[in-house]
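# Chain and residue survey
Here are the chains, one letter per residue:
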There are 2 protein chains.
Amino acid sequence: MIRLIDDNNPKAFSLLKQLYPHSGNAFIIGITGSPGVGKSTLIDALIFEFRKLDLKIAVIAVDPTSPFSGGAILGDRLRMQRHASDEKVFIRSMASRGQKGGLSRATKDAAIVLSAMGYEIIIIETVGAGQAEFDIASVAHSIGIVTIPGTGDGIQAVKAGILEIGDIFIVNKNDRPDAQAAVLELKMMLSMRNSNTLGQILNQAPRDKFEICPQKGCSTWAPRVLKTIAQNGTGVKELADTFLSHFDFMKKNNILDLKKKELERIYFNSLLKDLAMGKIELFMQESMDFKDALNQIEAGLVDPITAAEHVVNHLMVTRNLKVQDN
Amino acid sequence: MIRLIDDNNPKAFSLLKQLYPHSGNAFIIGITGSPGVGKSTLIDALIFEFRKLDLKIAVIAVDPTSPFSGGAILGDRLRMQRHASDEKVFIRSMASRGQKGGLSRATKDAAIVLSAMGYEIIIIETVGAGQAEFDIASVAHSIGIVTIPGTGDGIQAVKAGILEIGDIFIVNKNDRPDAQAAVLELKMMLSMRNSNTLGQILNQAPRDKFEICPQKGCSTWAPRVLKTIAQNGTGVKELADTFLSHFDFMKKNNILDLKKKELERIYFNSLLKDLAMGKIELFMQESMDFKDALNQIEAGLVDPITAAEHVVNHLMVTRNLKVQDN
């Protein structure tokens with residue numbers, strides 16, 4: 001099923017519709033960070049901790065690869081293979097199909113399948129490159145940002161905007177001499193996150209709306225900073241516990257339901273765009289009208305701008321729709 | 001006008017339609033490469049050389065910035081400001097609006113405006129990050145890839161696929177001790193570009209179709225490798241001359257017209273998708289049908305997958321279209 005999704009197979013769509021009602025109970029964790037910070041090793045150690053609690057766990061590793069390389073880079077995943085014989089652990093890489101929207105859609109689709117299959121925790125790992133790390137905010141309930149101590153003067157550069165989407169910040173490779181400086185710098189940056197100066201940036205962050213308190217006086221989750229050494233498992237139990245307490249916190253404060261509704265809305269919007277785009281692409285492949293337009297452009301009878309406008313106006317009905325009063 | 005395009009203002013669209021018939025004569029050069037290879041300094045020096053030939057020149061610098069930072073990073077452009085008083089030089093930064101497709105569409109739109117204004121050479125500078133460097137192949141007639149000597153063992157890593165789209169390769173900062181090794185490595189990599197092993201990769205490159213020879217026996221452009229020191233202008237005259245001879249070569253071999261037709265087809269396709277997406281977005285903002293669907297999803301009366309399918313089927317007419325026989 002996940003292979004069908006990854007291949008963008010139309011069969012996946014009808015199967016997904018059947019599975020959807022059975023999904024929705026899993027806790028979806030997003031883990032992101034720059035290449036080389038040790039995300040895979042950390043997730044491997046996290047699986048270990050969650051398995052101690054007998055939780056059924058699935059990992060989807062998203063590889064935003066070059067449009068030319070085709071497949072996903074699977075090397076990193078190999079280190080998680082010690083869990084391969086564990087029936088309650090599922091690990092899968094998903095390739096980018098060269099589409100930003102497509103990547104988060106495919107991840108969401110896969111999460112629906114895994115949730116319907118009864119996986120209690122779904123970890124989505126994305127490399128912090130380009131847009132991918134922000135896309136995770138439209139799928140995950142809790143987001144962990146992994147970083148490492150920098151070059152003596154604090155943490156490795158944290159990309160603009162990434163501070164705003166994190167719930168738990170992890171300083172990995174904590175045995176490095178400059179680890180304490182990294183933790184302090186991160187905490188300082190996070191304390192600024194709520195200040196007025198950064199308020200405007202916060203308003204642009206997709207995650208911000210989730211922080212809205214459902215009823216007056218309820219508490220909001222203050223982002224945590226944790227230290228780990230993924231290689232030997234140091235601090236990973238605490239990390240697993242913190243993710244679970246974030247989940248509990250969201251449930252108790254009615255935040256989880258709000259967040260799920262918001263993610264469902266985002267999913268609906270992206271489905272709408274993807275399906276519409278799919279129809280446009282089908283039209284480009286099959287319709288004589290499209291071919292006629294192309295021929296006319298090539299012959300210089302019409303410019304591409306006028307032709308595109310004409311085609312879209314004929315293809316899409318918006319005249320008979322109910323329009324809002326305001 | 002370019003500000004309207006950059007702001008995604010709907011007014012730009014009708015103006016663009018009027019300008020389109022007057023565009024099409026400019027030579028569009030794309031310059032790409034990783035951050036720090038000296039693209040801006042090189043373009044500054046290129047402007048100088050093209051101005052010696054009294055060519056009217058425009059530069060569009062594309063900044064794929066974080067979706068959270070909002071504006072474009074203009075710092076790099078400052079160094080080109082010595083041309084600010086020259087009436088026949090136009091320099092403009094364009095910001096990414098967080099959309100991959102949108103970025104190359106906006107660049108193409110701007111090139112149409114500048115071409116209609118009589119600029120003879122249009123240079124489009126993109127940072128080699130993510131997809132941006134490949135998008136340039138859908139706008140430019142000639143592509144220069146800028147690189148620098150690496151860490152003693154050849155050139156800085158060249159991203160997969162990037163070799164296939166380049167017409168002219170520039171090893172900048174040629175005063176570094178390992179420059180000669182870089183040039184040799186690049187030439188070796190380029191010689192492999194035409195081998196059978198890389199043939200399959202080549203077939204995936206968007207640029208590949210342009211290399212098709214219009215009539216049997218015509219010659220194809222062999223990619224050039226040039227050395228420059230942008231800081232003091234060394235090698236830049238030769239680079240300017242090579243771009244111009246590539247332009248001549250394409251004209252003489254009938255390649256330019258084919259390429260322009262192909263770029264026009266790509267432009268039409270992206271316009272079609274953008275306009276359709278624009279209608280979908282308008283629908284999401286204004287239609288009661290969309291609001292109804294959202295409410296039903298929120299109330300749990302319908303799942304988002306079924307709802308999206310239903311909405312798209314009603315929104316888009318594909319039943320009455322002429323369908324191709326094959």
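This is a predicted model, so every value here is computed, not measured. (Residues numbered from 1 in each chain as written. Chains lettered and ligands numbered in written order. Predicted model: local features only at pLDDT ≥ 70, side-chain atom pairs only at ≥ 80, totals over all residues. Heavy atoms only, no water.)

## Here's the deal with the overall build of chain A
In terms of regular secondary structure, chain A is built from 12 helices and 7 strands. Sequence separation of 24 or more characterises 78% of the internal contacts of chain A that already satisfy a separation of 6 or more. With an accessible surface of roughly 14700 Å², chain A has 52% of that area assigned to carbon and sulfur atoms. (Helix = DSSP H or I, 4+ residues; strand = E, 2+ residues; numbered from the N terminus. Contact = heavy atoms within 4.5 Å. Areas by Shrake-Rupley, 256 points an atom, 1.4 Å probe, with all protein chains shown as cover.)

## Some thoughts on the nonpolar core
Of all hydrophobic cores here, the largest spans 117 residues; its most connected members are Ile 122, Phe 268 and Leu 272 of chain A together with Ile 122, Phe 268 and Leu 272 of chain B. Among the elements that take part in this core, helix 10 (residues 255-286) of chain A stands out by supplying 10 residues, more than any other. Val 37, Ile 47, Ile 57 and Met 250 of chain B belong to the second largest nonpolar core, which has 33 residues in total. (Core = buried A, V, L, I, M, F, W, Y, C linked by side-chain atoms within 4.5 Å. Buried < 20%, exposed > 50% of the residue type's maximum accessible area, 1.4 Å probe, protein only.)

## Considering the packing of aromatic side chains
Tallied over the full model, the rule gives 12 aromatic pairs over all chains. Between the aromatic rings of Tyr 20 of chain A and Tyr 267 of chain A, the centroid separation amounts to 6.4 Å while the plane-to-plane angle is 5°, which identifies the pairing as stacked. Placement of Tyr 20 of chain A in the loop between helix 2 (11-19) and strand 1 (27-33) and of Tyr 267 of chain A in helix 10 is noted, with a sequence separation of 247 residues between them. Residue Tyr 20 of chain A is classed as buried on the basis of its relative accessible area of 14%. Given the relative accessible area of 3%, Tyr 267 of chain A is considered buried. Each ring, one from Phe 27 of chain B and one from Phe 247 of chain B, has its centre 4.1 Å from the other, and the planes form 25°; the classification is stacked. Placement of Phe 27 of chain B in strand 1 (residues 27-33) and of Phe 247 of chain B in helix 9 (residues 236-252) is noted, with a sequence separation of 220 residues between them. (Phe/Tyr/Trp six-rings, centres within 6.5 Å; stacked < 30°, edge-to-face > 60°.)

## Topic: the environment of Asn 25 of chain A
All names here are of chain A. Position of Asn 25 relative to the elements: it lies in the loop between helix 2 and strand 1. Overall, the relative accessible area of 68% leaves Asn 25 in the exposed class. Put simply, Asn 25 and Asp 257 are 232 residues apart on the chain and 11 Å apart in space, counted from C-alpha to C-alpha.

## Quick notes on helix 12 (residues 304-315) of chain A
For helix 12 of chain A, spanning 12 residues, the distance from its first C-alpha to its last is 16 Å, which sits close to the expected 16 Å at 1.5 Å a residue. Where helix 12 of chain A is concerned, the buried positions are Pro 304, Ile 305, Ala 307, Ala 308, Val 311, Val 312 and Leu 315 of chain A. Along the axis of helix 12 of chain A, the buried residues cluster in a sector spanning 160°; they form a single face. Those residues of helix 12 of chain A hidden inside the fold are in contact with helix 10 and helix 11 (288-298) of chain A together with helix 2 (11-19), helix 10 (255-286) and helix 12 (304-315) of chain B. For helix 12 of chain A, the N-terminal cap is Asp 303 of chain A; the gap from its side-chain oxygen to the backbone nitrogen of Ile 305 of chain A is 2.9 Å. (Expected span 1.5 Å × (residues − 1). Arc of directions from axis to C-beta. Polar contact = N/O pair within 3.5 Å; in protein donor to acceptor, adjacent residues only side chain to side chain.)

## Some remarks on the packing of helix 12 of chain A against helix 2 of chain B
In contact at an axis separation of 8 Å, helix 12 of chain A and helix 2 of chain B are set at 130° when each is read in the N-to-C sense. Regarding the angle of helix 12 of chain A to helix 2 of chain B, the classification is oblique. In this structure, helix 12 of chain A contributes Ile 305, Thr 306 and Glu 309 of chain A to the contact, and helix 2 of chain B contributes Phe 13, Leu 16 and Lys 17 of chain B. Of the residues contributing to the contact of helix 12 of chain A with helix 2 of chain B, the split by class is 3 nonpolar, 1 polar and 2 charged. (Axes fitted to C-alpha atoms, helices over the stretch in contact; angles between N-to-C directions. Parallel < 35°, antiparallel > 145°, perpendicular 65-115°, else oblique. Nonpolar A, V, L, I, M, F, W, Y, C, P; charged D, E, K, R; others polar.)

## Let's talk about unusual backbone geometry
Residues other than glycine seldom take positive phi values, yet Asp 54 of chain B does so here, at roughly 60°. Looking at where Asp 54 of chain B falls in the secondary structure, it is placed in the loop between helix 3 (39-52) and strand 2 (57-63).

## Details of the side chain of Asp 109 of chain B
All names here are of chain B. In this structure, Asp 109 sits in helix 4 (residues 100-116). Using a relative accessible area of 4% as the deciding quantity, one classes Asp 109 as buried. Apart from the residues within four sequence positions on either side, Asp 109 is in contact with Ile 5, Leu 16 and Tyr 267.

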